[in-house]
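# Commentary on secondary and tertiary structure
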Amino acid sequence: MPRRRVLRFSVIGVAAVLVLVLVAGVALVATMIRRPLPSHAGGVTVAGLEGEVTVLRDARGVPSIYADTATDLFHAQGFVHAQDRFFEMDYRRHVTAGRLSELVGQNADALSADRVIRTFGWRLVAEQEWDLLEPSTQEYLEAYAAGVNAYLEGRSTDALGVEYTILGLQVEVRDPEPWDPIDSLAWLKAMAWDLKGNYDDELARAMTYTTVRDVGLVNDLFPRYPQEENAPILQSVTPAEPVARTLGVQGTDAATIPAETLDGVLAGAGVQEALTSAHLALSAVPHLVGEGDGIGSNSWVVAGEHTASGAPLLANDPHLSISAPGIWAQQGLYCRDVSPQCPFEVSGFTFSGFPGVIIGHNADLAWGLTNLGADVTDFFLERTDGDTYLRDAEQVPLEIRTEVIEVNGGEPVELEIRSTVHGPIVSGVLDIGRIAGAPTADGRRAPSTEVSLAWTALEPGRTADAVFLLAAAKDAADVAAAAALFAVPSQNIVFATVAGDIGYQAPGLIPVRQRIVGDPVPSDGTWPRPGWDSRYDWQGYVEPEQMPAGLNPAEGFIVAANQAVTPSGVGPFLTSDWDYGYRAQRIRDQLEQHIQDGTPVTVEMTNALQNDAWNPFAELLVPVLLAAPIEDDFTEGGVALLRDWDYVQGTDSSAAAYFAAVWSTLLDITFHDDLPQDQWPSGGSRWLEVVSELIEQPDSPWWDDRRTVNVVENRDEILRRAMSTARLELTERLGKEPTDWQWGRVHTAAPEHPVLGGEGLPGPVRQLVNPGPLAVPGGSSIVNATAWDASTGSFAVTAAPSMRMVVDLGDLDASTWVTLTGTSGHPGSVHYTDQFGAWADGETFPWPFGQEAVADAAVREITLRPGS
């Protein structure tokens, strides 16, 4: 998929005016940068509070909030989030409402994003969710919004964020609208979009078919999960539902099966054009959480019988896109007297713009989240004719609505949105006009082929209720109750309790697909499906009580790191497209070794495992590379690095740098000639599995590089070329002496601001908002998952652990945490990047929880007092 991490902002006007500002003097610039920084000490009157609220901040600016009522607690959280990160919140709500053009002005990327998100209708769905929520959840959301608005009251935009000042050099910057509870709910749609499961793989199959033109060959590039080598999360499932029940398997009379094959459907008139159009449209959506193969997470829990404290340990590090500021804001939320009316005593990682804690622990239970990867999207091929579409041999009306996109400094744009029973039509959203069928003999247009998107997040749900239930959960039953409402995104929940339990629970709204026996068009969600045949429609959703769960397994630990949840054929069908489990298996192997050796697991050992940089790709490929014939001393200089390598992808490792270059080159010369450019291999775990199978087929046609003339390459020739080319590439990049190469010189983490961090901005602006790059160990499908994209020719980090936490349920104050950049969203704040260096080095900070520990760690205190 095309990568679009940072908005390409037009800055001709910004650059010219900024030069004048810089000339005016350093003092003026310093004032501009520091003006939005909030006060963290003393006292302040906050409209809408019922009682006094205390906010303690530690040396890294992390706030711990103490209140007498739940509504005051979330009111204060909204106030504090706005203090620290209002521009981030405002940007996010403009994106999720399809109103980014109102913020940044006339910008092609912004308008494309608005078109597609309006087509999805994220905010419309959020509005529909409001009435489904518990009254208490509505109260929390309203209190949070009131707190945000109390901070906005009387403040100009230049006092809210330096970003507004810079944007004001190019466009009219209006006073922000009051925060609304729906703004918070809409953010959940952005989170769900980036963590939605196999959408990339389903569309990748269809896009790959455009050049390969053979379904069987395409399927070669999507191998089955290797459960013989990489264990699933659970070996047994509670409950263990038979596959036939949960999949809705049903026989179909042969006479009713369409004669067309999948190849025939994909080769139909206009199909590839429609799929390409849909692909481009969906690529226009800004990724606020993450994208690509590097998106995932590690989590595990270890039972107290195997830990030094005698109580469970829980670890979690979600792998998301790197951005400035980082995605998470650390906070503690404490009711002074915990009761059913004020049940919160919780600390962890929050999203600015949404109340509560998303990942963390309370006094009784800790929980972590990783992406389950369930298949919650399907693309349907639709046969449209005018304002109708085909359904079971009948033309039925499309649902049509019109919306207007306001453009700051430009003319409004009118958008017609068309939907079928499956969901919005996404092909043609960015095209001029629709993709029409060819003219018929009488001059009319033949029916068109278009693509609609079915996605569970477009069904109103109660995920917001689940967030607050999870924050107050005490045991497995509470986690299950929260999971039953956690509709999107579908996540693995691992948890541990002070009482000694460890467990796993799969939540999520998972569609049931009818298996049509004997039909050559797959009905399992791996390929786009015929929308004109209602047998391919979703048949409902898996019941919450059928979702996989486990409690206190005999092996004494649970690892959930995006691998398959259950053995094949056990439990409900969730997806065919898992991460291939190499990270998860490495974690399992290390934990099993500790247990076998009788070594009690500690917080420090767990932190070390989160930073493990052992490379499973090397274990497979290095022996094969060393066996390949090398005919020149120049290449041998690189290959020699691999002979005694320990397979650790460390920043100082020359072998790690060479191996990464070989892997990238190997994927290039093996697959770039066969695949469309936007489907070139990224180098993630799927490609390791593909190459591991091809290694056993030395004369496979995939090895042949069709760009060469009158030559048919085999495996050994491609391996030799990969090693030779990589040696030359690193010589040009890092110098002629291989032992001087270092992985950290090319593998760096460089967070970028989503609006002002791109290459189109003046250097001083980018230097202000983008932290300087830091060398980091690890790589793709490594436990320390600092992913890079092999298709780009760069080794720079594209996704990484967005935070790391380890919770000791025997002594909560002994827990540790770190986030990617820092707590503040203000580039002028010391807390904008004060955790970045520690994060890059694999270090963490103490995580105080108890009232005494929080007070001891506090360096600033502010009292929020009621007032009008």
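Residues numbered from 1 in each chain as written. Predicted model: local features only at pLDDT ≥ 70, side-chain atom pairs only at ≥ 80, totals over all residues. Heavy atoms only, no water.

## A word on the overall build of the protein
Which entries qualify depends on this criterion: A helix here means a DSSP run of H or I that spans at least four residues, while a strand means a run of E at least two residues long, and both kinds are numbered starting from the N terminus. Our radius of gyration looks at C-alpha atoms and nothing else; its globule reference is 2.2 Å times the residue count to the power 0.38. Burial here depends on accessible area, computed with a 1.4 Å probe over protein chains only, as a share of the maximum for the residue type. Under 20% is buried, over 50% is exposed, and the range in between is partly exposed.
Within the protein, the regular secondary structure consists of 27 helices and 30 strands. Over its C-alpha atoms the protein spans a radius of gyration of 27 Å, differing by no more than 12% from the 29 Å that the globule rule assigns to 868 residues. With respect to the three principal axes, the spread of C-alpha positions in the protein is 75 × 70 × 65 Å. Burial status across the protein gives 62% buried among its 868 residues.

## Notes on the confidence of the model for the protein
The following threshold applies: One confidence number per residue, pLDDT, is output by the predictor and ranges from 0 to 100. Whether two residues are in contact is decided by their heavy atoms: any pair within 4.5 Å suffices.
For the protein, mean pLDDT is 92; residues scoring 70 or higher make up 92% of the total. Ignoring residues within four places in sequence, the model shows residues 1–6, a span with pLDDT below 50, making 26 contacts including any to other chains. Counted against residues more than four places away or in other chains, residues 240–259, with its pLDDT under 50, gives 40 contacts.

## Describing unusual backbone geometry
Ala324 connects to Pro325 through a cis peptide bond whose omega is 0 degrees. Along the chain, Pro325 falls in the loop between β5 (313–321) and β6 (329–335). The amide bond that connects Val488 to the next residue, Pro489, takes the cis arrangement and shows omega of -10 degrees. Along the chain, the position of Pro489 falls in the loop between α16 (476–483) and β16 (491–497). Positioned with a positive phi, Ser781 is a non-glycine residue whose angle comes to about 60 degrees.

## Looking at the state of the cysteines
The condition is simple: Note that a disulfide, as used here, is simply two cysteine sulfur atoms within 2.5 Å.
In total, this model carries 1 disulfide according to the counting rule given. Cys335 shares a disulfide with Cys342; S-S distance 2.0 Å. Taking the sign of the S-S torsion, -85 degrees for the link of Cys335 and Cys342, the bridge is left-handed. Taking the relative accessible area as the measure of exposure, Cys342 reaches 3% and is therefore buried.

## Quick word on the sheet that holds strand β2 (residues 53–58)
Two pairing modes exist for strands in a sheet, parallel and antiparallel, and in both the strands are linked by backbone hydrogen bonds. Which entries qualify depends on this criterion: When DSSP locates at least two bridges between a pair of strands, those strands are taken to pair. In this analysis an axis means a line fitted to C-alpha atoms, helices contributing only their contacting stretch, and an angle means the value between N-to-C directions, from 0 to 180 degrees.
Across the sheet, 11 strands lie side by side as β1-β30-β2-β3-β6-β7-β8-β9-β16-β17-β21; this open sheet has mixed pairing. Of all strands in the sheet, those bounded by a partner on one side alone are β1 (42–47) and β21 (549–551). The average undirected angle you get between the axes of adjacent strands in this sheet is 20 degrees. For β1 and strand β30 (residues 858–867), the ladder comprises 6 bridges, and the chain directions are parallel. Bridge pairing links Gly42 to Ile862 in β30.

## What about the pairing of strand β4 (residues 296–302)?
Extensive coverage of β4 is indicated by the burial of 7 of its 7 residues. In β4, alternate side chains face the same way, and those of Gly296, Asn298, Trp300 and Val302 on one face and Ser297, Ser299 and Val301 on the other are all buried.

## Considering the packing of aromatic side chains
Put simply, the test is: Side-chain rings of Phe, Tyr and Trp (the six-membered ring for Trp) are treated as a pair once their centres are within 6.5 Å; stacked means planes under 30 degrees apart, edge-to-face means over 60, and tilted covers the remaining angles. Sitting over a ring, as applied to charges here, requires NZ of Lys or CZ of Arg to be within 6 Å of the ring centre and within 35 degrees of the ring normal.
Taken as a whole and judged by the stated rule, the model has 33 aromatic pairs. Arranged with centres 6.1 Å apart and planes meeting at 70 degrees, the rings of Phe349 and Trp847 form a pair that is edge-to-face. Of this pair, Phe349 sits in strand β7 (residues 345–350) while Trp847 sits in the loop between β29 (845–846) and α27 (851–857), and the two are 498 residues apart along the sequence. This pair shows no difference in class: Phe349 is buried, exactly as Trp847 is. Ring plane angle 80 degrees and centroid distance 5.6 Å describe the contact between Trp645 and Tyr647, whose orientation is recorded as edge-to-face. For the pair Trp645 and Tyr647, a shared accessibility class is recorded, and that class is buried. Members of the aromatic cluster, connected to one another through ring pairs, are Trp187, Trp328, Phe349, Phe351, Trp817 and Trp847. A cation over an aromatic ring shows up here: Arg92 above the ring of Trp187, its NZ or CZ 4.1 Å from the ring centre. We note Arg205 situated over the ring of Phe222; from NZ or CZ to the ring centre the distance is 4.3 Å.

## Examining a negative patch on the surface
As a reminder of what qualifies: Residues qualify for a patch when their relative accessible area is over 30% and they have no salt bridge, like charges being joined within 9 Å and the nonpolar side chains of Val, Leu, Ile, Met, Phe, Trp and Tyr within 5 Å. Surface accessibility follows the Shrake-Rupley procedure with a 1.4 Å probe radius. Residue values consider only the protein chains on display as shielding. When a carboxyl oxygen of Asp or Glu lies within 4 Å of a side-chain nitrogen of Lys or Arg, that pair is called a salt bridge. When charges are counted, Lys and Arg are positive and Asp and Glu negative, with His and the chain ends excluded. Charge positions come from single atoms, namely NZ of Lys, CZ of Arg, CG of Asp or CD of Glu.
A cluster of like negative charges, contributed by Asp214, Asp220, Asp263 and Glu693, occupies part of the molecular surface. Tracing the backbone shows Asp263 in helix α13 (residues 262–266). On the basis of relative accessible area, Asp263 is assigned to the partly exposed category, the value being 31%.

## Considering the pairing of strand β17 (residues 502–505)
Residue alternation in β17 divides its side chains into two sets, Ile502 and Tyr504 and Gly503 and Gln505, and both sets are buried. Note: β16 against β17, 4 bridges, orientation antiparallel. Within β17, the position partnered with Ala496 by the bridge is Ile502. The antiparallel pairing of β16 with β17 creates a hairpin that spans 4 residues between the two strands, and Gly500 there sits at a positive phi of about 115 degrees. Relative to β21, β17 is paired through 3 bridges, and the arrangement is antiparallel. Along β21, the bridge assignment pairs Gln505 with Ala549.

## Things to note about the side chain of Asn611
The topology assignment puts Asn611 in the loop between α18 (603–610) and α19 (616–627). For Asn611, a relative accessible area of 19% corresponds to the buried category. Apart from residues no more than four positions distant in its own chain, Asn611 is found in contact with Asn784, Arg804 and Gly842.

## Remarks on the packing of helix α10 (residues 199–212) against helix α14 (residues 271–283)
Rule in force here: Under this scheme an angle from 65 to 115 degrees is roughly perpendicular, one under 35 degrees roughly parallel, and one over 145 degrees roughly antiparallel; angles in between are oblique. Whether a crossing is left-handed or right-handed is set by the direction in which the near helix is turned from the far one by less than a right angle, anticlockwise for left-handed and clockwise for right-handed.
Taken N-terminus to C-terminus, the directions of α10 and α14 make an angle of 140 degrees; their axes are 10 Å apart at the nearest point. Classified by the angle between their axes, α10 and α14 sit oblique to one another. Crossing of α10 over α14 shows left-handed handedness. On the side of α10, the interface is formed by Tyr199, Leu203, Ala206, Met207, Tyr209 and Thr210, while α14 contributes Gln272, Leu275, Thr276, His279 and Leu282.

## What to know about helix α3 (residues 70–96)
Cut-off, in case you're wondering: In this scheme, a helix's expected span is set at 1.5 Å multiplied by one less than its residue total. Think of it this way: the bend at a residue is just the angle between two axes, each fitted to seven residues, one set ending at that residue and the other starting at it.
Between its first and last C-alpha, α3 extends only 27 Å over 27 residues, short of the 39 Å set by a 1.5 Å rise per residue. Residue Arg85 marks the point of greatest curvature in α3, where the axis turns by about 95 degrees. Taking burial as the measure, the 27 residues of α3 include 26 buried ones, the bulk of the element. Gly98 lies just past α3 and shows a positive phi near 65 degrees.

## Brief notes about the packing of α19 against helix α20 (residues 633–643)
Basically, it comes down to this: Residues were grouped as follows: Ala, Val, Leu, Ile, Met, Phe, Trp, Tyr, Cys and Pro as nonpolar; Asp, Glu, Lys and Arg as charged; and all remaining residues, including Gly, as polar.
Relative to each other, α19 and α20 sit at 135 degrees, their axes nearing to 10 Å. Looking at the two axes, α19 sits oblique to α20. Pair α19 / α20 crosses with left-handed handedness. Contacts from Val622, Leu625 and Leu626 in α19 reach Val639, Leu642 and Arg643 in α20. Grouping the amino acids of the contact of α19 with α20 by side-chain chemistry returns 5 nonpolar, no polar and 1 charged.

## Observations concerning the pattern of salt bridges
Evaluation of the coordinates by the stated rule reveals 43 salt bridges. One salt bridge connects Glu228 with Arg224, and the closest N-O pair in it is separated by 3.2 Å. Given a relative accessible area of 52%, Glu228 falls into the exposed group. By sharing partners, the salt bridges in this structure join Asp90, Arg93, Arg123, Glu127, Asp180 and Asp183 into a single network.

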